[in-house]
Amino acid sequence: SVFLVMTNPYAHIIEPLDPQKPDHKFFNLKKLKDPRYDQLPFSIRVLLESAVRNCDGFLVKKEDVEKVLNWKVTQSQTVEVPFRPARVILQDFTGVPAVVDFAAMRDAVKKLQGDPERINPVCPADLVIDHSIQVDFNRNACLGACSLVTIYYLFHSLRSDSLQKNQDLEFERNKERFEFLKWGSKAFQNMRIIPPGSGIVHQVNLEYLARVVFERDGYYYPDSLVGTDSHTTMIDGLGVLGWGVGGIEAEAVMLGQPISMVLPEVIGYKLQGTPDKYITSTDIVLTVTKHLRQVGVVGKFVEFFGPGVASLSIADRATIANMCPEYGATAAFFPVDHISIHYLNQTGRDTEKLNYIEKYLKAVGMFRDYSNTSEDPQFTQVVELDLSTVVPCCSGPKRPQDKVTVSEMKQDFKMCLGAKQGFKGFQVAPERHDVQVPFQFNGAEYSLSHGSVVIAAITSCTNTSNPSVMLGAGLLAQKAVKAGLSVKPYIKTSLSPGSGVVTYYLKESGVMDFLSQLGFEVVGYGCMTCIGNSGPLPEPVVQAITQGDLVAAGVLSGNRNFEGRVHPNTRANYLASPPLVIAYAIAGTVRIDFEKEPLAVNSEGKEVFLRDIWPTRDEIQAVERQFVIPAMFKEVYEKVEKVNERWNSLEAPSDKLYTWNPNSTYIKSPPFFDGLTRELQTPNSITDAYVLLNLGDSVTTDHISPAGNIARNSPAARYLTSRGLTAREFNSYGSRRGNDAVMARGTFANIRLFNKFINKQAPTTIYLPTGETMDVFDAAEKYQQAGHPLLILAGKEYGSGSSRDWAAKGPFLLGIKAVLAESYERIHRSNLVGMGIIPLEYLPGDSAESLGLSGRERYTVIIPPQITPRMTVDIKLDTGRTFQAKMRFDTDVELTYFHHGGILNYMIRKMSEN
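Reference entry: report on the structure contained in this document. (Residues numbered from 1 in each chain as written. Predicted model: local features only at pLDDT ≥ 70, side-chain atom pairs only at ≥ 80, totals over all residues. Heavy atoms only, no water.)

### Quick word on the overall build of the protein chain
- Along the protein chain, the regular secondary structure elements total 33 helices and 36 strands.
- Expected size for 914 residues packed as a compact globule is a radius of gyration near 29 Å; at 27 Å, the protein chain falls within 12% of this value.
- Projected onto the principal axes, the alpha-carbon positions of the protein chain cover approximately 80 × 75 × 55 Å.
- A buried classification covers 65% of the 914 residues belonging to the protein chain.
- Put simply, 75% of the contacts in the protein chain that link residues at least 6 apart link residues at least 24 apart.
- Of the charged side chains in the protein chain, 95 are positive and 100 negative; the average position of the first set lies 1 Å away from that of the second. (Helix = DSSP H or I, 4+ residues; strand = E, 2+ residues; numbered from the N terminus. Rg over C-alpha atoms; globule rule 2.2 N^0.38 Å. Buried < 20%, exposed > 50% of the residue type's maximum accessible area, 1.4 Å probe, protein only. Contact = heavy atoms within 4.5 Å. Lys, Arg positive; Asp, Glu negative; His and termini not counted. Charge placed at Lys NZ, Arg CZ, Asp CG, Glu CD.)

Written out as C-alpha cells, the structure reads:
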C-alpha cells in the first residue's frame, strides 16, 4: 500500500484528518479544487473517492478519475469506469457456491503450476448464514405436514419451541454445508462468517457490519460494498453505497479485481411532505416501487433528497433502499446526515468512531443537510413524491411492482381471478369464482375459497429491520387479542425476525405475547418465507386447494412474490406491511374491503373493524423511543460470532486445498474448469443452435434456478434418489448450490415456468428433433449428447429478481451458448457474461413476434474476429432468413472475460502467471 501511495498521482491531496493523529490520513477531495466536484451527486462522489485513492495507472488510471469528475457530460456517453468497493457481503445460498468456486479454482491454479494460495480474498468479505432455515414448525406444532419430518419430530417431541426445532432441523439438514463453510473461514483470509441463527444478512449489515467510514492501513475512506444478494442495496439507506452483483463477479472483486461499470445516470428523487399518521414505511416503498418502475430507472442510481427525507428514520430509508431491485435501479442512495449518526449511536456503535465518521464525511463534502437546498447536486433527472399522498397498499398477486391500494384489494383480486393468465390474471372460469371447498383440521370443519389466506408471514429484511412496522404489528396484535379476535389455526403464521434485537424489543415492550397468541411466534432468524423456505402446509389444506383448483393466497412482509417462489400451493402472493399481514390473517381472506367490512365478529357478537385496532405513528414512535435502545444492540452483537454452540462445535479440516468427498450430495467439485489451459481459445460462431425454451416477458431467476423445495417428480429428485436419499432429505435447491449435478437438473425446474412451446406452465419443453415433450434437463442432455448447441428465446426483463449466479451457471451446464431477449435485468446479464454465455438483444422495435420467430428454427450467430462492446451481429436461420441483434458485452473488460470463457477462467489464468 505504501508503494501504491507513492505512485498515486493524487498523493498530494493526502492529509491527516486530525493533526493530533498524523498517522490517520485521507484523500481530501476538496483539495482537487475542481468546481465540478460540488455539483456531483453524493453517490458519484463515492465512486470518485475510490478512483482517486486506488489510482495506480494500471487497474485505475488518471483518465478514469477524470471521467468520474466529468460525470455531468460522461453520464450520457456509456463511459466505462472501474470501481473498487471497500468490502463484499454474501449470504449462504450464494456464499457456498462462491467458496466451492474458490476451492475448485485453487485446484485449477495448482494444475497450471501456479500457487493455489493466490486464490484468496484480498477484499474483506462477510458471509452471513441466513437462507438455510425453514418454517417446518410453527405454533408449536408441525401443522399436519409431518410426513416430511416425522422421524425428527418424534425424536424431539418433548420440545415445544418452534424456534429451537427449526434451528435444530436446519443443522441436521445442513451440517455438511456448514462444515464446508467453516473450512472456508479457516482456509481463506479476510473472510468472516456470521453463524446461523444470527439474523438476515442485510439487517445484520445495517445494525452491525456497516462501517459507514472505513479506517484501514492508516487511511479513512467511505464504506462501500457489493453483495451476492440483490437486496444489498438496503445499506444505501444508511449512506453506504452498495448494490447486488452476481456471485461470479463478487468472487473476482474478492480476489482484487475492480468492478468494471458504466458510469450511471443518477435520478434525483425529491421527497416532500410528511406521511399520514396511519401510513407505514411499507406503504411508502410500494408506492415508490411502482412510481420508479413507471419512470424507468434500470441501470441507474437513484439518490434521494428534499425536505421529506428528514422525516424518515434510517429504518424507513433502509426499507425504501431495500426494494431497489424491484424498481430496477442499481442503487438507491440516501447520503449520510445527522439522523444517520443518531442511528449509529442508537445501534451501539463506538463513540470514537462516530466522531471520525462525521468529521471525515464533512471534510470531503459527503455529509448531507437535507433542508439546505444549496447542497442539492445536479441530477440527470428529478422526480418527486409528496409523502402525504401515500395510502395503505399491498403489491401483487405476482410481482412486487404491481401496487394495489388496500381499499381496492377485494375488487382487484376479483378482476385477477377472471383475467387472462398473466401477471394480473388467473383465468378462472366465472362460474367457479365463488367455489367453496370444505375440509377438516384438528377435528373442526373449515372451508377454503379463492383468495383464502393460507400463509401469513412477518418476514424479510425489508420490514423486520424496521422497529416502527414491527412494533406496529405488535400493538395491532395486542389490540386484536383484547378485542377478542383470533387467527384460524390452519393458516400458517410465522414471525422470522432479521436479528435478535427485534425479539428483544418486542419482548421488552410487552407485545410478543400478543403476537404469539395470534400465531406469530418466532420460528427462526433468517429469510425463511421470503426466500421460499416457507415449509410445508397442512395436508388437509393442500388437498382442499388441489381439489378445488383454488387460487389460495400468501401474505408476507417480504420483497418478492414471483410465481412459485413463496410456496407451490399459493398462486396469489401479496407483499404487505407486518400489521397488514396480521390483519389479513385474522380476516382469513384477501377478498375483503377493510373500510366497509369488519375484520371479524368477536365472541360477544361485536363487529371489529381494522380501524378499531390500527395503531398511529405517534403511538408506535412513543413505544420505540422507550424500548429500542443501544444496550440491546450491544448485548446481541457482542456475542453474535460466538453464541451459537452448535456452530462452535463443528469440526472442519484446516488444509488449504479442499478434499472433495465423492459421496457428498451437497458439496461437489464443479466441472467449470475441466480442461482449462493457459492458452486462450478463439471464440467461434454458434452454428445451427436449437432453441431449448421459448419464453415471454419477466422471466425471473426464480424461474431459471428455483431456490425452494425440490419436487418429487423432478430430475433433481431422481438424481438424489439414485444417491440413496429419501424425499425427507432432499432439502431445497438453494441448499444444494454446492452440487452442480443437482443444480443443473434444477435449472428451469420451476413449476410456474411458461414455455411457449407447450403453451402452459410446467418445467418441460419439446425436444425438437423428435417432437417429444420432456423435462428441460433431459432435453438439454439429449441435445448435448448429439452435439447440438442451444439458445434461449425470451422477451423483456429476462433474469429479473434475485442476483442468482446459478441462473447463469445452470444454463452453461445445459449447453446454452446464448440468450436472445428484448432486454435484461442488470445483474443477470453480468452473470451470463461471467459464464461466457452471450447475451443477445433484439434491435429496438424487434421481437420474436415482430420477426415471426417460432423458436423451431435453427440459429447461427456469426461471431466476427474483432468484437467491440455492444456491437451488432448477424443471426442466420436455417430457413434462409437473416436478422441482426446486439451483443450485450457492454465494456472492454466484459469482452476480455468472454475471450477467456468467463470471468473465473480469466482469474485462474491471471493467478497462474509467475
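Right, picking up where we left off after that structure.
### Some details on unusual backbone geometry
- In this model, G396 is joined to P397 through a cis peptide bond whose omega is 10°.
- Structurally, P397 is set in the loop between β16 (393-395) and β17 (403-405).
- Backbone geometry places N442, a non-glycine residue, at a positive phi of 50°.
- If you trace the backbone, N442 turns up in the loop between β18 (436-441) and β19 (444-449).
- N442 sits in the exposed class, given a relative accessible area of 68%.

### Section: the packing of aromatic side chains
- Applying the stated criterion across every chain, the model contains 31 aromatic pairs.
- A ring pair is formed by Y220 and Y356, whose centres lie 4.8 Å apart and whose planes are at 45°; its orientation type is tilted. Of this pair, Y220 sits in strand β8 (residues 219-222) while Y356 sits in helix α14 (residues 351-363), and the two are 136 residues apart along the sequence. The residues Y220 and Y356 share a single accessibility class, namely buried.
- Through a chain of ring-to-ring contacts, the aromatic side chains of F102, F180, W183, F188, Y658 and W660 assemble into a single cluster.
- Looking at K362, its charged tip hangs above the ring of F367, at a distance of 5.0 Å from the centre.
- For R736, the ring lying beneath its charged end belongs to Y666, and the centroid distance is 3.8 Å. (Phe/Tyr/Trp six-rings, centres within 6.5 Å; stacked < 30°, edge-to-face > 60°. Lys NZ or Arg CZ within 6 Å of the ring centre and 35° of its normal.)

### What about helix α2 (residues 42-53)?
- The end-to-end C-alpha separation of α2 is 17 Å, in line with the 16 Å expected for 12 residues at 1.5 Å each.
- For α2, the tally of buried residues reaches 12 of 12 residues, placing the bulk of the element in the interior. (Expected span 1.5 Å × (residues − 1).)

### Let's talk about the sheet that holds strand β15 (residues 381-386)
- Spatially, four strands are ordered β14-β13-β12-β15 in an open sheet, and the strand pairing comes out parallel. The two strands at the open ends of the sheet, each matched to only one other strand, are β14 (331-333) and β15. Between one strand axis and the next, the sheet turns by 25° as a mean value, whatever way the strands run.
- Here strand β13 (residues 301-305) runs beside β14; their pairing, made up of three bridges, is parallel. Residue pairing across strands places F301 opposite A331, the latter belonging to β14. (Pairing = 2+ DSSP bridges. Axes fitted to C-alpha atoms, helices over the stretch in contact; angles between N-to-C directions.)

### As for the sheet that holds strand β35 (residues 872-877)
- Ordered in space as β26-β31-β32-β33-β36-β35-β34, the seven strands form a closed barrel in which the pairing is mixed. The average undirected angle you get between the axes of adjacent strands in this sheet is 40°.
- As defined by bridge partners, β35 adjoins strand β36 (residues 882-887) across five bridges and the pair is classed as antiparallel. What sits directly across from D874, in β36, is Q884.

### Some points on empty space enclosed by the protein
- Taken as a whole, this structure holds three cavities of 30 Å³ or more when the rule is applied.
- Each pocket or cavity is described by its volume, and for the largest cavity that value is around 180 Å³.
- Taken together, 21 residues make up the lining of the largest cavity; nearest its centre are H131, D229, H231, I531 and R565.
- For the lining of the largest cavity, the per-class residue count stands at five nonpolar, 11 polar and five charged.
- Of the voids in this model, the second largest cavity is the one considered here, and its volume is about 90 Å³.
- Lining the second largest cavity, in full, are F42, V46, V212, P222, D223, G239, F333, P335, V336, L361 and M366.
- Split into classes, the residues belonging to the lining of the second largest cavity amount to nine nonpolar, one polar and one charged. (1 Å grid on protein atoms, 1.4 Å probe; cavity = no way out; pocket = protein on both sides within 12 Å on 5 of 7 lines; lining within 4 Å. Points joined across faces, edges and corners; volume = space filled by probe spheres on them. Nonpolar A, V, L, I, M, F, W, Y, C, P; charged D, E, K, R; others polar.)

### Details of the nonpolar core
- Among the nonpolar cores identified, the biggest contains 312 residues, and Y584, L692, F748 and Y798 are the most heavily contacted of them.
- Take this core: its biggest share by element is 11 residues, from helix α5 (residues 92-111).
- Core analysis: the next-biggest nonpolar cluster, separate from the first, contains 11 residues, Y719, L720, Y733 and V742 among them. (Core = buried A, V, L, I, M, F, W, Y, C linked by side-chain atoms within 4.5 Å.)

### Re the environment of L556
- By the element assignment, L556 lies in strand β22 (residues 553-556).
- A C-alpha to C-alpha distance of 33 Å links L556 and F757, two positions 201 residues apart in sequence.
- Residue contacts for L556: discarding those within four places in its chain leaves A457, T459, T529, C530, V566, N573, Y574, L575, A576 and V581.

### Description of the pairing of strand β31 (residues 790-793)
- Of the two faces of β31, the one carrying L790 and I792 and the one carrying L791 and L793 are both buried.
- Pairing of strand β26 (residues 686-694) with β31, which is carried by four bridges, proceeds in the parallel orientation. Within β31, the residue paired with L693 across the bridge is I792.
- As paired strands, β31 and strand β32 (residues 816-821) are joined by four bridges and run parallel to one another. Bridging from a neighbouring strand, L791 pairs with A818 of β32.

### A few points about the environment of L537
- Among the secondary structure elements, L537 is positioned in the loop between α19 (512-517) and α20 (539-548).
- We classify L537 as buried; its relative accessible area is 3%.
- The spacing of L537 and D136 is 401 residues in sequence and 9.0 Å in space, taken between C-alpha atoms.

### Observations regarding the pattern of salt bridges
- Enumeration over the complete set of coordinates arrives at 45 salt bridges.
- We note a salt bridge from E841 to R888, for which the minimum N-O separation is 2.8 Å. Here R888 lies in the loop between β36 and α32 (892-899) and E841 lies in strand β33 (residues 838-842), a separation of 47 residues in the sequence. (Salt bridge = Lys/Arg side-chain N within 4 Å of Asp/Glu carboxyl O.)

### Regarding the packing of α2 against helix α3 (residues 62-69)
- Across the interface, α2 lies against α3 with an axial gap of 9 Å and an inter-helix angle of 165°. Looking at the two axes, α2 sits roughly antiparallel to α3. Between α2 and α3 the crossing geometry is left-handed. Where α2 abuts α3, its residues I44, L47, L48, A51 and V52 lie against V65, V68 and L69.
- Looking at the contact of α2 with α3 residue by residue, the class counts come to eight nonpolar, no polar and no charged. (Parallel < 35°, antiparallel > 145°, perpendicular 65-115°, else oblique. Left-handed = near helix turned anticlockwise from the far one by under 90°.)

### A short note on α5
- The terminal C-alpha atoms of α5 lie 28 Å apart, and with 20 residues this matches the ideal 28 Å at 1.5 Å per residue to within 8%.
- With 18 of 20 residues buried, α5 is to be regarded as a mostly interior element.
- For α5, the N-terminal capping position is held by Q91, with its side-chain oxygen 2.8 Å away from the main-chain nitrogen of F93.
- Q113 sits one or two positions beyond α5 and adopts a positive phi of about 65°. (Polar contact = N/O pair within 3.5 Å; in protein donor to acceptor, adjacent residues only side chain to side chain.)

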